[in-house]
Amino acid sequence: MSETSTRVTDELFRYIAEHTTREDAFLADLKRAAAAEGIPSIWIAPEQASFMQILLRLAGARQVVEVGTLAGYSAISMARALPADGRVRTIEFDPKHAAFAEQWVARSDVAGRVEVHRGAGLDVLPAFAADSADAAFLDADKVNYPTYLEHCLRIVRSGGLIMADNALAFGQLLDPSYTDREVPAMRAFNDLMAKTTALQSVIVPLGDGLWVGVKR
Ligand code: DHB
Ligand code: MG
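These lines cover the structure that appears in this document, whether it is placed above or below. (Residues numbered from 1 in each chain as written. Chains lettered and ligands numbered in written order. Predicted model: local features only at pLDDT ≥ 70, side-chain atom pairs only at ≥ 80, totals over all residues. Heavy atoms only, no water.)

Another point: the coordination of the magnesium ion (ligand 2). Surrounding the magnesium ion (ligand 2) are the protein donor atoms D139 (OD), D165 (OD) and N166 (OD1), which sit 2.0 to 2.2 Å from the metal. Motif for the magnesium ion (ligand 2), donor spacing along one chain: D-x25-D-N. Residue D139 is located in the loop between β4 (133-138) and α7 (145-155), and its partner D165 is located in strand β5 (residues 156-165); the two are separated by 26 residues in the primary sequence. Since its relative accessible area comes to 3%, D165 is described here as buried. (Donors = N, O, S within 2.8 Å, 3.2 Å for Na, K, Ca; no water. Helix = DSSP H or I, 4+ residues; strand = E, 2+ residues; numbered from the N terminus. Buried < 20%, exposed > 50% of the residue type's maximum accessible area, 1.4 Å probe, protein only.)

See below:
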(Lines give C-alpha, C1' and ligand atoms only; values in the text may rest on other atoms or scores of the structure.)
(Ligands and ions follow the chains in the order given, each with its own letter.)
Protein backbone atom coordinates (compact mmCIF):
# COMPACT_ATOMS: atom_id res chain seq x y z
CA MET A 1 0.00 0.00 0.00
CA SER A 2 2.66 2.46 1.06
CA GLU A 3 6.07 2.23 2.67
CA THR A 4 4.61 2.73 6.09
CA SER A 5 1.16 1.12 6.08
CA THR A 6 -0.08 -2.40 5.48
CA ARG A 7 -3.29 -2.54 3.50
CA VAL A 8 -5.96 -4.00 5.77
CA THR A 9 -7.80 -6.49 3.57
CA ASP A 10 -11.17 -7.99 4.56
CA GLU A 11 -9.36 -11.13 5.76
CA LEU A 12 -6.94 -9.13 7.87
CA PHE A 13 -9.75 -7.10 9.29
CA ARG A 14 -11.64 -10.26 10.30
CA TYR A 15 -8.47 -11.48 11.97
CA ILE A 16 -8.14 -8.20 13.88
CA ALA A 17 -11.78 -8.36 15.02
CA GLU A 18 -11.48 -12.03 16.02
CA HIS A 19 -8.40 -11.28 18.12
CA THR A 20 -10.10 -8.44 19.96
CA THR A 21 -12.25 -8.53 23.07
CA ARG A 22 -15.74 -9.76 22.19
CA GLU A 23 -18.93 -8.10 23.30
CA ASP A 24 -20.69 -9.87 26.17
CA ALA A 25 -24.10 -11.55 26.13
CA PHE A 26 -25.74 -8.47 27.70
CA LEU A 27 -24.74 -6.13 24.86
CA ALA A 28 -25.63 -8.78 22.27
CA ASP A 29 -29.10 -9.06 23.91
CA LEU A 30 -29.42 -5.27 23.94
CA LYS A 31 -28.79 -5.16 20.18
CA ARG A 32 -31.34 -7.90 19.49
CA ALA A 33 -33.97 -6.19 21.67
CA ALA A 34 -33.31 -2.79 20.10
CA ALA A 35 -33.60 -4.19 16.56
CA ALA A 36 -36.84 -5.95 17.56
CA GLU A 37 -38.23 -2.57 18.65
CA GLY A 38 -37.29 -0.99 15.33
CA ILE A 39 -34.32 0.99 16.64
CA PRO A 40 -31.76 1.43 13.80
CA SER A 41 -28.91 -1.11 13.95
CA ILE A 42 -26.08 1.42 13.84
CA TRP A 43 -24.04 0.52 16.93
CA ILE A 44 -20.32 1.09 17.21
CA ALA A 45 -18.23 -2.00 16.37
CA PRO A 46 -17.15 -4.25 19.30
CA GLU A 47 -13.44 -3.70 18.56
CA GLN A 48 -14.13 0.05 18.44
CA ALA A 49 -15.88 -0.17 21.83
CA SER A 50 -12.89 -2.01 23.24
CA PHE A 51 -10.46 0.57 21.86
CA MET A 52 -12.53 3.41 23.34
CA GLN A 53 -12.51 1.66 26.73
CA ILE A 54 -8.72 1.40 26.57
CA LEU A 55 -8.44 5.12 25.77
CA LEU A 56 -10.78 6.05 28.64
CA ARG A 57 -8.79 3.89 31.08
CA LEU A 58 -5.50 5.41 29.92
CA ALA A 59 -6.95 8.91 30.30
CA GLY A 60 -8.09 8.04 33.83
CA ALA A 61 -11.53 9.25 32.77
CA ARG A 62 -14.28 9.64 35.40
CA GLN A 63 -16.69 11.96 33.56
CA VAL A 64 -17.76 11.31 29.97
CA VAL A 65 -20.24 13.21 27.80
CA GLU A 66 -21.91 11.46 24.87
CA VAL A 67 -24.07 13.08 22.21
CA GLY A 68 -26.40 10.47 20.68
CA THR A 69 -27.37 7.61 23.03
CA LEU A 70 -29.43 5.56 20.56
CA ALA A 71 -29.96 2.24 22.44
CA GLY A 72 -27.25 2.82 25.04
CA TYR A 73 -24.68 0.38 23.67
CA SER A 74 -21.75 2.83 23.64
CA ALA A 75 -22.82 4.54 26.90
CA ILE A 76 -22.85 1.21 28.77
CA SER A 77 -19.61 0.18 27.11
CA MET A 78 -17.84 3.45 28.03
CA ALA A 79 -19.25 3.41 31.60
CA ARG A 80 -17.58 0.04 32.13
CA ALA A 81 -14.19 1.71 31.66
CA LEU A 82 -14.87 4.26 34.43
CA PRO A 83 -14.34 3.95 38.19
CA ALA A 84 -17.41 3.21 40.36
CA ASP A 85 -18.09 6.92 40.94
CA GLY A 86 -17.66 7.78 37.26
CA ARG A 87 -20.50 9.04 35.05
CA VAL A 88 -21.47 8.98 31.41
CA ARG A 89 -23.84 11.87 30.68
CA THR A 90 -25.47 10.76 27.46
CA ILE A 91 -27.83 12.96 25.43
CA GLU A 92 -30.69 11.54 23.35
CA PHE A 93 -33.23 13.46 21.27
CA ASP A 94 -35.61 10.59 20.41
CA PRO A 95 -37.87 9.80 23.43
CA LYS A 96 -38.32 6.17 22.34
CA HIS A 97 -34.56 5.64 22.14
CA ALA A 98 -34.02 7.41 25.46
CA ALA A 99 -36.62 5.20 27.17
CA PHE A 100 -35.09 2.03 25.72
CA ALA A 101 -31.59 3.07 26.77
CA GLU A 102 -32.74 3.95 30.30
CA GLN A 103 -34.34 0.50 30.71
CA TRP A 104 -31.22 -1.27 29.56
CA VAL A 105 -28.90 0.93 31.60
CA ALA A 106 -31.04 0.17 34.69
CA ARG A 107 -30.56 -3.57 34.31
CA SER A 108 -26.87 -3.32 33.33
CA ASP A 109 -23.81 -3.69 35.57
CA VAL A 110 -23.22 0.09 35.33
CA ALA A 111 -26.73 1.30 36.26
CA GLY A 112 -25.42 4.07 38.55
CA ARG A 113 -22.83 5.23 36.08
CA VAL A 114 -25.01 6.40 33.14
CA GLU A 115 -27.39 9.39 33.10
CA VAL A 116 -29.64 9.75 30.07
CA HIS A 117 -30.33 13.44 29.33
CA ARG A 118 -33.38 13.86 27.12
CA GLY A 119 -33.30 16.56 24.50
CA ALA A 120 -31.26 17.93 21.63
CA GLY A 121 -27.52 18.16 22.03
CA LEU A 122 -27.75 21.81 21.02
CA ASP A 123 -30.04 22.48 24.03
CA VAL A 124 -28.45 20.19 26.62
CA LEU A 125 -24.71 20.77 26.06
CA PRO A 126 -24.77 24.50 27.00
CA ALA A 127 -25.87 23.47 30.53
CA PHE A 128 -22.77 21.31 31.08
CA ALA A 129 -20.02 23.16 32.96
CA ALA A 130 -16.63 23.98 31.47
CA ASP A 131 -13.90 21.45 32.26
CA SER A 132 -16.50 19.06 33.72
CA ALA A 133 -15.59 16.06 31.54
CA ASP A 134 -12.51 13.99 30.83
CA ALA A 135 -13.84 12.76 27.51
CA ALA A 136 -16.61 13.25 24.99
CA PHE A 137 -18.02 11.05 22.22
CA LEU A 138 -20.02 12.50 19.31
CA ASP A 139 -22.34 10.02 17.61
CA ALA A 140 -25.50 11.95 16.71
CA ASP A 141 -26.75 13.96 13.73
CA LYS A 142 -23.70 14.73 11.62
CA VAL A 143 -24.78 18.20 10.47
CA ASN A 144 -24.46 19.48 14.03
CA TYR A 145 -21.08 17.87 14.80
CA PRO A 146 -19.24 21.23 14.39
CA THR A 147 -21.43 22.83 17.07
CA TYR A 148 -21.13 19.77 19.33
CA LEU A 149 -17.36 20.00 18.90
CA GLU A 150 -17.36 23.65 19.93
CA HIS A 151 -19.29 22.81 23.11
CA CYS A 152 -17.08 19.82 23.87
CA LEU A 153 -13.92 21.89 23.51
CA ARG A 154 -15.30 23.91 26.44
CA ILE A 155 -16.69 20.97 28.48
CA VAL A 156 -13.68 18.64 28.18
CA ARG A 157 -10.62 19.50 30.28
CA SER A 158 -7.13 20.00 28.84
CA GLY A 159 -5.55 16.61 28.24
CA GLY A 160 -9.00 15.06 27.82
CA LEU A 161 -10.34 13.17 24.81
CA ILE A 162 -12.80 14.18 22.12
CA MET A 163 -13.92 11.23 20.00
CA ALA A 164 -16.36 11.25 17.10
CA ASP A 165 -17.97 8.39 15.19
CA ASN A 166 -18.44 7.94 11.45
CA ALA A 167 -15.30 9.64 10.13
CA LEU A 168 -15.57 7.30 7.13
CA ALA A 169 -19.13 8.52 6.44
CA PHE A 170 -20.85 5.12 6.37
CA GLY A 171 -18.25 3.90 3.88
CA GLN A 172 -19.20 6.65 1.39
CA LEU A 173 -16.60 9.26 2.27
CA LEU A 174 -14.72 9.23 -1.05
CA ASP A 175 -17.63 8.43 -3.39
CA PRO A 176 -18.71 11.76 -4.92
CA SER A 177 -22.05 10.26 -6.03
CA TYR A 178 -23.17 10.18 -2.39
CA THR A 179 -24.66 13.57 -1.65
CA ASP A 180 -26.98 12.46 1.17
CA ARG A 181 -26.83 15.31 3.66
CA GLU A 182 -24.97 13.34 6.33
CA VAL A 183 -22.11 12.35 3.98
CA PRO A 184 -21.14 15.93 2.99
CA ALA A 185 -21.55 16.84 6.67
CA MET A 186 -18.93 14.25 7.64
CA ARG A 187 -16.60 15.43 4.86
CA ALA A 188 -16.90 18.98 6.23
CA PHE A 189 -16.44 17.81 9.83
CA ASN A 190 -13.30 15.87 8.92
CA ASP A 191 -11.88 19.02 7.29
CA LEU A 192 -12.76 20.98 10.41
CA MET A 193 -11.07 18.43 12.70
CA ALA A 194 -7.96 18.48 10.50
CA LYS A 195 -7.58 22.20 11.12
CA THR A 196 -8.66 22.29 14.77
CA THR A 197 -5.32 23.07 16.36
CA ALA A 198 -6.79 22.82 19.87
CA LEU A 199 -6.76 19.05 19.35
CA GLN A 200 -4.12 16.53 18.37
CA SER A 201 -6.28 14.16 16.35
CA VAL A 202 -6.20 11.01 14.29
CA ILE A 203 -8.81 8.93 12.47
CA VAL A 204 -8.65 5.34 13.66
CA PRO A 205 -10.07 2.95 11.03
CA LEU A 206 -12.19 0.83 13.39
CA GLY A 207 -15.93 0.59 12.85
CA ASP A 208 -16.95 3.41 10.52
CA GLY A 209 -13.89 5.46 11.43
CA LEU A 210 -13.28 6.93 14.88
CA TRP A 211 -11.86 10.40 15.38
CA VAL A 212 -9.68 10.54 18.48
CA GLY A 213 -8.49 13.96 19.57
CA VAL A 214 -6.59 14.99 22.69
CA LYS A 215 -7.26 18.52 23.88
CA ARG A 216 -3.98 20.38 24.10
C1 DHB B 1 -25.22 5.37 10.45
C2 DHB B 1 -24.21 4.85 11.24
C3 DHB B 1 -23.82 5.50 12.39
O4 DHB B 1 -22.82 5.03 13.18
C5 DHB B 1 -24.44 6.68 12.75
O6 DHB B 1 -24.00 7.29 13.87
C7 DHB B 1 -25.45 7.20 11.98
C8 DHB B 1 -25.85 6.54 10.83
C9 DHB B 1 -25.63 4.68 9.21
O10 DHB B 1 -25.00 3.66 8.89
O11 DHB B 1 -26.56 5.13 8.58
MG1 MG C 1 -22.25 6.38 14.68
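Of all the positions in α7, only Y145, Y148, L149, H151, C152 and I155 are classed as buried. Burial along α7 is one-sided: seen end-on, the buried residues are contained in an arc of 165°. (Arc of directions from axis to C-beta.)

Turning next to the pattern of salt bridges. Under the defined criterion, the tally for this structure stands at nine salt bridges. Where R80 meets D24, a salt bridge forms, and the shortest distance between an N and an O atom there is 2.9 Å. Separated by 56 residues along the polypeptide, R80 in the loop between α4 (73-79) and β2 (87-92) and D24 in the loop between α1 (10-18) and α2 (25-36) bring together distant segments of the chain. Its relative accessible area of 31% is what places D24 among the partly exposed residues. The salt bridge partner of R157 is D134, with a shortest N-O separation of 2.7 Å. Of the two residues, R157 is situated in strand β5 and D134 in strand β4; the sequence distance between them amounts to 23 residues. Assessed through its relative accessible area of 24%, R157 is described here as partly exposed. Judged by its relative accessible area of 13%, D134 falls in the buried class. Because the salt bridges share partners, they merge into one network encompassing D24, R80 and D109. (Salt bridge = Lys/Arg side-chain N within 4 Å of Asp/Glu carboxyl O.)

Quick look at the pairing of β5 now. Most of β5 sits inside the fold, with seven of its ten residues counted as buried. Summarising the sheet, β4 and β5 pair through five bridges and their orientation is parallel. Bridging from a neighbouring strand, L138 pairs with A164 of β5. Where the polypeptide runs from β4 across α7 and back to β5, its parallel neighbour, the crossover connection is right-handed. Taken together, the five bridges between β5 and strand β7 (residues 210-215) define a ladder with antiparallel strand orientation. Residue pairing across strands places A164 opposite W211, the latter belonging to β7. (Pairing = 2+ DSSP bridges. Right-handed = clockwise from strand over helix to strand, strands pointing away.)

These figures capture arrangement, not role.
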